[in-house]
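Summary of the model geometry
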Amino acid sequence: MARTSRLKVFQARLGFYDTVVAVPNQPAALRAWGVHQNLFADGQAGLANDKAAIEAAVARPGTVLKRPVGAEGKFEVDPATLPEPLSPRRRLKKSATRARE
């Protein structure tokens, strides 16, 4: 009888996306993300704690789900949008604020 292992939901920020994946262990998550670096060792990946993200990932085990960084929307296999870039004026204002801090 084949034993099914319990799934854990892991999250990581990869490029322009926050990602989640439901797999049995950390090595399986790294394979799903297609990375060779141990993202867990340096804190770039960990267990997910967002209930909606966990539900979405468990509904599609082994599939990497994404959403744009900082977005509050749902995780999808292939999100249609990317985060909006800052306008040049807003970018300058933000860097001037950081310089004063």
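Up top is the structure these notes are about.
One structure accompanies this document, and this report is about it. All figures in this text were calculated on a predicted structure; none of them were measured in a lab. (Residues numbered from 1 in each chain as written. Predicted model: local features only at pLDDT ≥ 70, side-chain atom pairs only at ≥ 80, totals over all residues. Heavy atoms only, no water.)

**Brief notes about the sheet that holds strand 3 (residues 45-47)**
Strands in a sheet are paired, the pairing made by backbone hydrogen bonds, and the direction either parallel or antiparallel. Going by this rule: Here, strands pair whenever DSSP counts at least two bridges between them. Secondary structure counts use DSSP, requiring at least four H or I residues in a row for a helix and at least two E residues in a row for a strand, with both numbered from the N terminus. Structural elements are reduced to axes, namely lines fitted to C-alpha atoms, with helices fitted over the stretch in contact, and the angle between N-to-C directions of any two is expressed from 0 to 180 degrees. Residues count as neighbours in contact if any of their non-hydrogen atoms are within 4.5 Å of one another.
In spatial order, the strands read 3-1-2-4; together these four strands make up an open sheet with antiparallel pairing. Only two strands of the sheet have a single partner each, and these edge strands are strand 3 and strand 4 (65-68). On average, each strand axis in the sheet is inclined to that of its neighbour by 25°, with strand direction left out of account. By the bridge criterion, seven bridges tie strand 1 (residues 8-14) to strand 2 (residues 17-23) in an arrangement that is antiparallel. If you follow Lys 8 over to strand 2, its bridge partner there is Val 23. Where helix 2 (residues 51-59) meets the sheet, it contacts strand 1, strand 2 and strand 4, and its direction lies at approximately 55° from that of strand 2.

**Some remarks on the environment of Asp 78**
The topology assignment puts Asp 78 in the loop between strand 4 and helix 3 (88-100). Distance from Asp 78 to Arg 67, taken between C-alpha atoms, is 8.4 Å for residues eleven residues apart in sequence.

**Here's the deal with helix 1 (residues 26-33)**
Let me state the cut-off plainly: Three exposure classes are used, based on accessible area relative to the maximum for each residue type with a 1.4 Å probe and protein chains only: buried under 20%, partly exposed in between, and exposed over 50%. For this analysis, a polar contact is any N or O atom pair within 3.5 Å, provided that within protein one partner can donate a hydrogen and the other can accept it, and provided that sequence-adjacent residues contribute only side-chain to side-chain pairs.
Along helix 1, the positions that sit buried rather than exposed are Ala 28, Ala 29, Leu 30 and Trp 33. Between the side-chain oxygen at the start of helix 1 and the backbone nitrogen of Ala 28 there is a gap of 2.9 Å, and the oxygen is on Asn 25.

**Focus: the side chain of Arg 67**
When you line up the elements, Arg 67 lands in strand 4. Classification of Arg 67 by relative accessible area gives buried; the value is 13%. A polar contact of 2.9 Å, which involves the side chain of Arg 67, links it to the backbone oxygen of Gly 73.

**Some thoughts on the pairing of strand 2**
With respect to burial, strand 2 is a largely interior element, seven of its seven residues being buried. Here strand 2 shows a buried face lined by Tyr 17, Thr 19, Val 21 and Val 23 and a second buried face lined by Asp 18, Val 20 and Ala 22. Connecting the antiparallel pair strand 1 and strand 2 is a turn made up of two residues, with Gly 15 showing a positive phi of about 65°. The pairing of strand 2 with strand 4 spans four bridges and is classified as antiparallel. Bridging across to strand 4, Tyr 17 finds its partner in Pro 68.

By themselves, these observations are geometric and do not establish any function.
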